[in-house]
Every structure is written in C-alpha cells, then in structure tokens.
Amino acid sequence: MLVEVAVAAAVRGRFTYRVPSALAPGVSLGQRVAVPFGKSRRATGYVVGFPASAPDGIELRDVVEVLDPFPPFTPELVELLRWAEEYYLVPPGELLRAALPPGLNARRGEAGPARRGVEYAAPAEAAAGAAADPKALARAPAQRAVLEYLLARGRIPVEELRAAFPKGRPAVAALARRGLVRLETETPVARGALLPASAAAPVLTPAQAAALVELDAAAGTFQPFLLHGVTGSGKTEVYLQAIARARGAGKGALVLVPEIALTPQLAGRFRARFGDDVALMHSGLSDAERHAEWLRLRRGDARICVGVRSAIFAPVQDLAIIVVDEEHDPSFKQEDGPPYHARDLAVVRAKREDAVLVLGSATPSLETLENARAGRYRKLELPARVDDRPLPEVELVDLGRLRRGGVAKLPGLLAPQLSEAIARTLEASQQVILFLNRRGYETLVVCEVCGAEAQCTECAVSLTHHARRGILLCHYCGRTERMDARCPACGGVRYGVGVGTEQVEAAVRELFPAARVARLDRDVVTSADDTAAVLARFARRELDVLVGTQMVTKGHDFPGVTLVGVVLADTALALPDFRAAERTFQLLTQVAGRAGRGAEGGRVVVQTFNPRTPAIALAARHDYAAFAAGELDRRRTVGYPPFTRMMAARVEGSEDGARRSAEALAHAARPALGGEVAMLGPAPAAIERIRGRHRWHLLFRADGPKALFRVHAALARVAVRPPGGAAIRFDMDPYSMM
Ligand code: ADP
Ligand code: ZN
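Residues numbered from 1 in each chain as written. Chains lettered and ligands numbered in written order. Predicted model: local features only at pLDDT ≥ 70, side-chain atom pairs only at ≥ 80, totals over all residues. Heavy atoms only, no water.

### A short note on the overall build of the protein chain
The criterion, for reference: Helix and strand labels come from DSSP, where a helix needs a run of H or I of at least four residues and a strand needs a run of E of at least two; each type is numbered from the N terminus. We compute the radius of gyration over the C-alpha atoms and compare it with the globule rule, which gives 2.2 Å times the number of residues raised to the power 0.38. Each residue is placed in one exposure class: buried if its accessible area under a 1.4 Å probe, protein chains only, is under 20% of its type's maximum, exposed if it is over 50%, and partly exposed if it falls in between. Any two residues whose heavy atoms approach within 4.5 Å are treated as being in contact. Under the convention used here, a 1.4 Å probe and the Shrake-Rupley method define accessible areas, while residue burial counts only the protein chains that appear. Only four residue types enter the charge count, namely Lys and Arg as positive and Asp and Glu as negative; His and the chain termini do not. Charge placement uses NZ in Lys and CZ in Arg. For Asp and Glu, CG and CD serve respectively.
Looking only at helices and strands, one finds 21 helices and 30 strands in the protein chain. Against the 2.2 N^0.38 benchmark of 27 Å for 738 residues, the protein chain shows a C-alpha radius of gyration of 27 Å, consistent with a compact globule. C-alpha extents for the protein chain along the principal axes are approximately 85 × 75 × 45 Å. Each of the 738 residues in the protein chain was classed as buried or not, and the buried ones make up 55%. Long-range contacts, defined here as pairs at least 24 residues apart, represent 75% of the contacts in the protein chain between residues at least 6 apart. Just so you have it, the protein chain exposes about 31,100 Å², and 51% of that area is on carbon and sulfur atoms. Taking the average location of the 96 positive side-chain charges in the protein chain and that of its 82 negative ones, the two points are 2 Å from each other.

Set out below in structure tokens:
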C-alpha cells in the first residue's frame, strides 16, 4: 500500500511512502503519520492521497507510525486544504499545521461538562418604572446598570449578560429578589431532534422573513448569498434562524466572525440559542480548550462552530450552511504564516460540501458586491434597523478650515464642536466613544534644530512616543528607546507631532476631570480577557468615555452610547493601498453604528482634513450604494480588483540580496507575462526595512488567476534558491500593500 503524504515542513510538494502491512488498517485519508524525511528520521505528515504506483527511480521509505486513532481531517477538509495550498501557493504541510488546533498534540482536554439548560434574564413589569425613578436604586449603581442594559436589550440569555457584566451576578440576583428582573431556564432541545425556531427567537421582520425564505429554498445546494443589512438590521437573527433550520434537518453549521474577544455578545447569542451544540474557536481559548472544542466537532458532539478565520478548517460534520459575518473585515485574510482568505475559502468549502453560504455585512467588500452584481451571488437586503430607529446623524468637522481660521493647537486634536458634544453627553450621563486609529502619544518626534526624526534603527519607520512609559517605540519590531527631550545627534530640543490615542485620552482627562475615562488599544490590553474586561466596564457604565483604536469600532451593542467621535478620519486614507478608501468607509460606518443603539438616539462627530473625499462624505450620509458605485468605477478604470486579480511576490533579505533577488524574479517573470499580466515593480516595499531586513516586492495583475499561476511557475525556480539568501513569499489576492 502506498500513500501520498504532505509533510509539515516548508517545502512544496507531496511525497510517496510505503505503508507496512501492520500499519495499513489504521491509515486513512487525513491521518497524521510519522515519516522519515530528508535527513531527519521522523517528521509529521498527513495522508492526502493513495497513489496506485510510485514515481520511477525513487527508493520508497516506510511510514513509521500512525499518530491518531482517527484522522484529524475529514476527506472534505483534505480536499479543501489541497485546493488552498495550490491556490495560495503555500507548502502543504504549513497549511495543514495552521489548520489544526495548537493543542492537538496535548493529550489532555476532554469536552467540558454539559450545560444543563439556557438561562434567560428579562426585565419585569416594574423595571421601567424603577429605572425612570432617579431615587430607586440610587445606592446600587451596578443594579441600575444591569437593569438599564436589560431594558434596552429585552429578554436575553444570562450568558450574554455575563459577557457584558462579568462581575454582575450579585446585581442580577438582587434585581431578581426585588422583582425587577425575571430569570427563566429553558431546557435544551435534544440533540438531533427537530429544533423549532426556539421560543427565544423573535418574530422576524418582513425583510428578515423574506431573507430566510430564500435561504431555506436554497437548502441542500451550493448557493452563495450576500446579506447586506445596515448595523442593527437583524442580520444575526437571520443567521440564527437559518442555522436552526439546518440543525432541524440534522446538519451542521459554520459561522466565521472577525474577532470574538470584541464581540462576546455574538458568541453568547449562539450559545444561548443552541447551547452545547456550539463549539467556539478563537484565540482567547487556551490550547487545551481549543483542542477540546475541536474534538467535540470532530466527533460530532457539537455541530455548530463559531470561530475566527482559522475555523474555516474546523471539522464540522454534514455542513449545510456557512455564515461569514462582517465579511468585509480584513482579519479574514491571514497575513503572517501561510496567506489565505477565510471568506474566499468559505466559498470553496461551501461549493465542495453543497452548503448554503451567507456573507453578511453593512459594508460589503467590493469583491463580494461585484460578485452579487454579476449574478454569482444572490443579494438579500435588510434596509432598516429592526426597531426602525434612525441611523445616527453624522456631522463633519473640517479641521483644515479650523486651522485656516486661526485655531492653532487643539488639545488631543479635539475641535470645539467635538469637546462641546462630549460635555453635553457627559452632562446627560450618557457615554462617549472616541476613535482614532493610531496608538501612542505622538506619532513622530522631530528635532527643532537639525530636523532629525526619531527613527527605528532596524526598520524604516519613525518611532512613536509613548508618554506614560517614557519611551519611543517601534510599532513594527517592538524595539524601544528612552524618550530623550534632546536630539541625540545635535542636542537640540525635540517636539512631537501627530496625535495618538494616548494623547486623546490625556486631553479628555484634562478637559473633563470628572469623567471616568479608559483607553482600549493594544498598549493597554494584551489579551482577550483584558479586552473583555474593559468592554464590560464600559457596558456596566462604570466608564463614561472610551478612547481607542479600531478595537472600539466593533464590540458591543452599548445602549448608553449616544456620542461617537472620530478624532481623525484620514489616518487610513493616505496609505499606499488601493483599498484605502474602502477601508476608511468601512471603519467610519462601523464606528458610527455604535452610536444611538439605545432609546436616546445618537450622534456622530467626524473630524477630517478631507470632508469632501467620497469615502468620508458618503459614510457621513450612510450612502453605501453611492460610495460603492463610485469606487467600483474607479477600480475598473485603473484596473484593480475586483476587476482584476493580483499576486504579490515579497522579498526580504540583506540590502543587496533583496534587491538582487527582486531583480532575478523580474527577469524570470518577463518572458511569462505574455501580454496578459502587468508587472508592477520590482520596487522597495512601502516600508523598506523591518527588523533589519530589506524588503522589496513585485505585484502582478491579470484578468484571472490562470495567467498569474503561469507567472508563478516561472518564478518558483528562482524562489528555490534566490541570490544572496533572500526569502521569497508569494501572496495570492494580497491585502497588505505595505
Ligand atoms: P445585526 O446583526 O444586523 O447588527 P442583530 O441581529 O444583532 O443585528 O439585531 C439587532 C438587535 O435587534 C438585537 O438586539 C436583536 O436581538 C434584535 N432583533 C433582531 N431581530 C429582531 C426581531 N425580528 N424582532 C425583535 N428584535 C430583533
Ligand atoms: Zn523597528
């Protein structure tokens, strides 16, 4: 018996081995095996095929051991991985390894105890009266916060409440004793039994119902849908009910979400509706927990997977539906390690497994929109928020005009309009989110005398001043140096420019000393737990103002937030990236969607130097259609995706090696371009150096992937042994242009 094995090493290709007859009964597709490889006696590999004969002239070696009692990959997943490794041009072993939970080799970690039922909390009749009376609960702010949250959200699973108020259990119990909150337990529906759209599910709005009818009609076939619905339009409820139908038919479901740590509510809603039938896969879990969840799926003990991008490889059985929520989110594209796009793989997986695919977003990516327009995807629309609450009003503040009008220095870059709005919101005891996509205090430190910028010695970027820590920090390699007020070159005085979140936070504290302020960015929180804790304090209304990077744009449904301020909308606009405008529009729409989700309505103030740029002006008017139409026209004119396909070749090495390798690649590519492929470069990357390694890239553009694969084939020969020892990576459908 012969097997074809993908070895978990950085080599492309598969290798044939002989299976000793003693091991043969245990070997099936997707099995992990130990094999001799090169000089090493033992490497891990995966069985990806059963060839009838061996390639000529090769001395076959034997499989040493079969590593698992059952194969970790189902045959469908082996097929998906094979497809992915070919399309994304990555060594098979690398992708296989990335697809498995890191805890696979850990022997501990059995499935957790079964949950007994799903508990719900609901505001009781007297709740509204108590909340309206300022004297009631005056001495119990935690109870008041929980009650207000419940009044805004209605009947919700306790699991969701726990995500919002991790230490809120006593408050909930006290409220229940006072008769202000009802607690109810619903027993889970027996596995495999017909799941009625559970009692907890609300009656769908006509738009939701229409969407569900279409999803239902497509059941059992490969049919991709774009579910385009504004923030709060009830997309998640459509997913939940569509999945309930799939479960009713005994099938499984996969839900991909951008980042679970930022949306504990969403995971809570799935758990609440489906109980233990849901396995969660995200980076906030320990290796053992992730392994346990993975095993539950693999064994069929859990049939619904909710997870981040790597969950596209989760072993869900009898997959009937794949949902990609916020499908436009850049986190679905993996940039480190083997590059792949989980949303695009979702299309491939759904097709192979005859599953319905739902790509949901308030701001669909232009790729997906174009697929819908061309009739490849069916478009479903939820045009209004569920409760018919209006989308918040967005006001643009023209920073350029302020500056020309003589307003020189804005503390924390907060214009008078925005600080006044903050003041009024705080007076009304409501909450504020301030968003700025730049960390640190000042993004650039310059010498007044000689003009020298503080730069990283290892990377071609300027250092960011982090005032509280008293350091200059490189955001690319993490190198730090002490912040010195004097220029190391000439001794002149240095000053900082460019506002970051730390400075915004400081300015808010200074302007509003009574406000309770916190910051949410990667300097403050280092783990999913930290993130959840900050978000929970905000949800409990222990904080009045939350300042942060894009981490604040996703996250909770905070009913208390009535003001969202965008400190500088332009940060992403200037990047050398053809998706810069699209990304800006998406971020603004997302963050604006945080305002006015409670009864009070909401307001958004966006500060910008480019108030007339379509990405900003149209986001302010909530006009996705106009933005998308204009942007698609522009992409068509200049020949960028979705109208073309791209491939990047990224080169890293010594100054000389990187340049020579890039030139060698270009030389090899030229004869293969054949008039169909445009080559951009070779050129130094936008960030020319990271961690002391020089970076070059080449971009290839063509009408379709075939021509790009042909170019890749020509480049692959150079990539095996590039001049000067540089490293070369290929990236199909690249997202990062830096
Ligand atoms: P989206 O995913 O589009 O942001 P959600 O599904 O989260 O929207 O819905 C927004 C809010 O409206 C949630 O609090 C949800 O529980 C509620 N909701 C959704 N659909 C309905 C419905 N048909 N009736 C009542 N409430 C609903
Ligand atoms: Zn650096």
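Picking up where we left off.
### Concerning unusual backbone geometry
Put simply, Pro 641 and Pro 642 share a cis peptide bond, and its omega is 10°. Turning to its location among the elements, Pro 642 is positioned in the loop between α19 (624–638) and β27 (645–653). The linkage connecting Gly 681 with the following residue, Pro 682, adopts the cis geometry, with an omega of 5°. Position of Pro 682 relative to the elements: it lies in strand β28 (residues 678–690). A positive phi angle, close to 60°, is found at Leu 89, a residue other than glycine. Topologically, Leu 89 is positioned in the loop between α1 (75–87) and α2 (92–99). In this model, His 622 sits at a positive phi of 55°, which is unusual for a non-glycine residue. Structurally, His 622 can be placed in the loop between α18 (614–620) and α19.

### Details of the pairing of strand β13 (residues 319–325)
So the rule is basically this: When the strands point away from the viewer, a crossover counts as right-handed if the path from the first strand over the helix to the second runs clockwise.
Burial of β13 is extensive: seven of the seven residues sit out of reach of the surface. Handedness of the crossover joining β13 and strand β14 (residues 356–361) through helix α11 (residues 342–352): right-handed.

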